[in-house]
Amino acid sequence: MSISQSFELLRNSFQSCLLNLLNSVDGLKDLVIDPGLMRPLDRMVSFSFFKDAGVDKIYKLEPSQTFANKSRIYVIRPNLSTVKSISDQINAELRDNSDRKYYILMIPMKQYLCDLILEQEGVAGKVVVFDQSQSLEFFVLDDDLLSMELPEFFRSFYLVSAFVIYPLARLGMSTFLVRPERYVFSYP
C-alpha cells in the first residue's frame, strides 16, 4: 500500500466518522465552523458532503449571528474562549425562549476544561458534546502530509507547561511509530 493510499484511508475514516456524527442529528441543521478549521476541513470533505448529510447552511463562527434551523452543530477546536463565545450565543437565544438543539464537536478531541466552561455558563444540559474518541485526530493535507491541527501545542506544552494536549500528541506519534503495522507504507 502506498503512502497516498494510506492517507486516503485516513481521509475516508475521517469522513465516515464525521458523517455518522452529522447523521445522528435529525432534520436540517446549521453547521458553525471555527475559522481555524475551515481550510483543514475543506481538504478533508467537500461542500456537497455536508449537503448530503443534511446540513442546510454553513457558517463561520462569529460572536453574534442569526441562524436558520433548529439544530446547530458547532465544529471547533477545544479552546476555552471559543467555548465561552458559544455559551454566550446559546444563552442569548435561550433568553428568547428558543427551542433549538445544540451540538458541539471538538477537533481533535473533547477536553474536560471545555465541559467545565459549559457548566459554569449554565448551558451544559442544553448542549450535546460529541465524544468522537480518536477518530478525528488527523487531517490529511496533501498526498504525503498529515497534520494534527494543534496550533497552540508549542506554546501550551513548552512555554506554559500545560500538558493537557500531551496524551493526544503521544497517541498520534504512537499511531505511526510504535504500531506501524496499522499503516503499512511501501516505497517505490
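Computed from a predicted model, the values in this text were never measured in an experiment.

What counts as what
- Residues numbered from 1 in each chain as written.
- Predicted model: local features only at pLDDT ≥ 70, side-chain atom pairs only at ≥ 80, totals over all residues.
- Heavy atoms only, no water.
- Axes fitted to C-alpha atoms, helices over the stretch in contact; angles between N-to-C directions.
- Helix = DSSP H or I, 4+ residues; strand = E, 2+ residues; numbered from the N terminus.
- Parallel < 35°, antiparallel > 145°, perpendicular 65-115°, else oblique.
- Left-handed = near helix turned anticlockwise from the far one by under 90°.
- Contact = heavy atoms within 4.5 Å.
- Salt bridge = Lys/Arg side-chain N within 4 Å of Asp/Glu carboxyl O.
- Buried < 20%, exposed > 50% of the residue type's maximum accessible area, 1.4 Å probe, protein only.
- Polar contact = N/O pair within 3.5 Å; in protein donor to acceptor, adjacent residues only side chain to side chain.
- Patch = residues over 30% accessible without salt bridge, like charges linked within 9 Å, V, L, I, M, F, W, Y side chains within 5 Å.
- Areas by Shrake-Rupley, 256 points an atom, 1.4 Å probe, with all protein chains shown as cover.
- pLDDT = per-residue confidence, 0-100.
- Phe/Tyr/Trp six-rings, centres within 6.5 Å; stacked < 30°, edge-to-face > 60°.

1. Considering the packing of helix 4 (residues 80-95) against helix 5 (residues 112-120)
Alright, step 1. At their nearest, the axes of helix 4 and helix 5 sit 9 Å apart, and the two run at 30 degrees to each other. The orientation of helix 4 relative to helix 5 falls into the category roughly parallel. Seen from above, helix 4 lies across helix 5 with right-handed handedness. Taking contact as the criterion, the partners of Leu80, Val83, Lys84 and Ser87 in helix 4 are, on helix 5, Leu113, Cys114, Ile117 and Leu118.

2. Topic: the pattern of salt bridges
Alright, step 1. Applying the stated criterion to the full structure yields six salt bridges.
Alright, step 2. Here Lys110 and Asp115 are joined by a salt bridge, their closest N and O atoms 3.8 Å apart.
Alright, step 3. The exposure class of Lys110 is partly exposed, given its relative accessible area of 30%.
Alright, step 4. Through salt bridges with shared partners, one network takes in Arg72, Glu93 and Arg100.

3. A few points about the side chain of Arg77
Alright, step 1. Along the chain, the position of Arg77 falls in the loop between strand 3 (71-76) and helix 4.
Alright, step 2. For Arg77, the side chain forms a polar contact with the main-chain oxygen of Gly36, separated by 3.3 Å.

4. Observations regarding a nonpolar patch on the surface
Alright, step 1. Together, Leu80, Tyr112 and Leu113 make up a nonpolar patch on the protein surface, roughly 320 Å² of accessible area in all.
Alright, step 2. Position of Leu80 among the secondary structure elements: in helix 4.
Alright, step 3. Using a relative accessible area of 39% as the deciding quantity, one classes Leu80 as partly exposed.

5. Things to note about the confidence of the model for the protein chain
Alright, step 1. In the predicted model, the protein chain carries a mean pLDDT of 76, and 66% of its residues have values of at least 70.
Alright, step 2. Of the regions scoring below 50 in pLDDT, residues 174-188 engages in 23 contacts with residues more than four places distant in sequence or in other chains.

6. Some words on the packing of aromatic side chains
Alright, step 1. Enumeration over the complete set of coordinates arrives at three aromatic pairs.
Alright, step 2. Between the aromatic rings of Tyr59 and Phe67, the centroid separation amounts to 4.9 Å while the plane-to-plane angle is 85 degrees, which identifies the pairing as edge-to-face.
Alright, step 3. Residue class for Phe67 comes out buried when judged on its relative accessible area of 9%.
Alright, step 4. Ring plane angle 10 degrees and centroid distance 5.7 Å describe the contact between Tyr103 and Phe130, whose orientation is recorded as stacked. Here Tyr103 is found in strand 4 (residues 101-106), whereas its partner Phe130 is found in the loop between strand 5 (127-129) and strand 6 (139-142), with 27 residues between them in sequence. There is no split in this pair, since Tyr103 and Phe130 are both buried.

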